[in-house]
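Read off the chains here:
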Amino acid sequence: MQEPEHGKPTSVFNKIRKRFPKRLFHWGVVFLIMAWICSMPIYVSLEFQSKGNHPKSLMLGYGSIGIITDHYSTCTLNRVVLNKPEVLWSNPEFRSHGKYLFRSFFGRTIVDFHSGINLVFPIVGFIWIWLLVGWMRHFKKTHGDECDERPRQLARWAISSLLLVFVFISERGSRRDSVYAECVMKIRNIQQAIRGYQGMENQWTDDLIPWNEIIGAKKFLPVNHKKCRRGGNYRLISHFPEMGVLAAECRDPDHQKKFKHMDTSTW
């Protein structure tokens, strides 16, 4: 007679224990989707600065969340700054190129610890991991008496696969953009280096450029500025160019095409 009394609360406890993970899974999906939607149209960052170190920013925007280190400046004081949010459509690149809009939906991935912390991950990636963990027990072979479960399982497989494909496509495009941005920075640095040398040594246009005194160990620029990760070694001209003419040219055709649309008249 006592077994039903002990069995009843145990049964209720088991139901609560079984339903809680399910509710947690559903609320987690809702939270991640809302975070993803809110991160698409904006870019906001909270910058941490400590004296003598490179600033670090906790960023959220364009479908991603992460920590970014500014390698090009050193802090002279301690402070925490919330930078002004940037709106997606305020960037001319997003207005003129639909591919940037697509990539902002699915975010990008950055993993780099060589010169600081650079760790960015797409929120869609978190959604994919959350769904994969929650649906793992459902990804099993169906039996003949479970025909009603087959459409659900196919839908789960389809959603998981599509999210993974979209993240891969977005990441591939973002990586190409990152390589191009690095290429622009290197060519810009080369241009500034030769202008600085030209002014210091009172050189004139069409004078011979002593590249060994500009690029190399303990020179104006390190050796890695001689090449692009995608196009290989730059074509370096032999004489100081006129204003607006580049001293280095990338061999990659895609980078060459993009450079034609850049304004380098003041370089």
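The structure contained in this document is the topic of the report that follows. (Residues numbered from 1 in each chain as written. Predicted model: local features only at pLDDT ≥ 70, side-chain atom pairs only at ≥ 80, totals over all residues. Heavy atoms only, no water.)

1. Structural notes on the packing of aromatic side chains
Evaluated as defined, the whole model comprises six aromatic pairs. Pairing F121 with F126 gives two aromatic rings, centres 4.9 Å apart and planes at 70 degrees, and the pair type is edge-to-face. On the basis of an interplanar angle of 70 degrees and a centroid distance of 5.9 Å, the ring pair of Y180 and F259 is categorised as edge-to-face. Placement of the pair is Y180 in helix α5 (residues 150–200) and F259 in helix α6 (residues 253–259), with a sequence separation of 79 residues. For F259, a relative accessible area of 11% puts it in the buried group. Taken together through their ring pairs, the aromatic side chains of Y197, F220 and F240 make up a single cluster. The side chain of K258 reaches across the aromatic face of Y180, ending 4.7 Å from its centre. (Phe/Tyr/Trp six-rings, centres within 6.5 Å; stacked < 30°, edge-to-face > 60°. Helix = DSSP H or I, 4+ residues; strand = E, 2+ residues; numbered from the N terminus. Buried < 20%, exposed > 50% of the residue type's maximum accessible area, 1.4 Å probe, protein only. Lys NZ or Arg CZ within 6 Å of the ring centre and 35° of its normal.)

2. Here's the deal with the environment of S178
Mapped onto the elements of the fold, S178 is located in helix α5. Since its relative accessible area comes to 27%, S178 is described here as partly exposed. Separated by 68 residues in the primary sequence, S178 and I110 have C-alpha atoms spaced 9.8 Å apart. Setting aside anything within four residues of it in sequence, one finds S178 in contact with R108 and R229. (Contact = heavy atoms within 4.5 Å.)

3. Things to note about the nonpolar core
If you look at the biggest cluster of nonpolar residues, it comprises 22 residues, and the most contacted ones within it are C183, I187, I190, I194, W211, I214 and Y234. Discounting residues that sit within four places of it in the chain, Y234 has contacts with C183, K186, I187, I190, H225, K226, K227, C228, A248, E249, C250 and R251. Counting residues in hydrophobic clusters, the runner-up holds 13 residues, among them W36, M40, F106 and I127. (Core = buried A, V, L, I, M, F, W, Y, C linked by side-chain atoms within 4.5 Å.)

4. A look at the pattern of salt bridges
Side chains carrying opposite charge are able to pair once their charged atoms draw close together. Tallied over the entire structure, the rule returns six salt bridges. Between K258 and D254 there is a salt bridge, with the nearest N and O atoms lying 3.8 Å from each other. With K258 and D254 both in helix α6, this residue pair falls four residues apart, about one helical turn. Look at K258 and you get buried, because its relative accessible area is 18%. Residue D254 is classed as partly exposed on the basis of its relative accessible area, which comes to 29%. Look at the salt bridges and you will find they share partners, linking R230, D252, D254 and K258 into a network. (Salt bridge = Lys/Arg side-chain N within 4 Å of Asp/Glu carboxyl O.)

5. Thoughts on the pairing of strand β2 (residues 56–61)
Looking along a regular strand, one sees the side chains alternate between the two faces of the sheet. The alternating pattern of β2 places S57, M59 and G61 on a buried face and K56, L58 and L60 on a face that is not buried. As defined by bridge partners, strand β1 (residues 42–49) adjoins β2 across six bridges and the pair is classed as antiparallel. Bridging from a neighbouring strand, S45 pairs with M59 of β2. Between the antiparallel neighbours β1 and β2 lie six residues, among them G52 with a positive phi of about 85 degrees. (Pairing = 2+ DSSP bridges.)

6. Digging into the pairing of strand β7 (residues 118–122)
What you see with β7 is a clean split: N118, V120 and P122 sit on the buried side and L119 and F121 on the side with no burial. For strand β3 (residues 64–69) and β7, the ladder comprises four bridges, and the chain directions are antiparallel. By the bridge assignment, G66 is partnered in β7 with V120. Direction of pairing for strand β6 (residues 110–112) relative to β7: antiparallel, over a ladder of three bridges. Bridging from a neighbouring strand, V111 pairs with L119 of β7.

7. Description of the side chain of E47
Following the sequence through the fold, E47 ends up in strand β1. In terms of polar contacts, E47 uses its side chain to reach the side chain of Q49, at 2.5 Å. The contacts of E47, once residues within four sequence positions are left out, are P55, K56, S57, R79, V80, V81 and N83. (Polar contact = N/O pair within 3.5 Å; in protein donor to acceptor, adjacent residues only side chain to side chain.)

8. Some remarks on α5
Compared with the 75 Å implied by 1.5 Å per residue over 51 residues, the 75 Å span of α5 between its first and last C-alpha is a close match. One or two residues past the end of α5 sits N202, with phi positive at roughly 55 degrees. (Expected span 1.5 Å × (residues − 1).)

9. Quick word on the side chain of R195
Relative to the assigned elements, R195 resides in helix α5. Here Q198 takes part through its side chain, which lies 3.0 Å from a polar atom of the side chain of R195. In this structure, R195 is in contact with P241, E242, M243, G244, V245 and W267, ignoring residues within four places of it in sequence.

10. Here we look at unusual backbone geometry
With a phi angle near 55 degrees, N202 is a residue other than glycine that sits in the positive phi range. Note on placement: N202 falls in the loop between α5 and β8 (227–228). Classification of N202 by relative accessible area gives exposed; the value is 60%. Unlike most non-glycine residues, D206 shows phi in positive territory, near 80 degrees.

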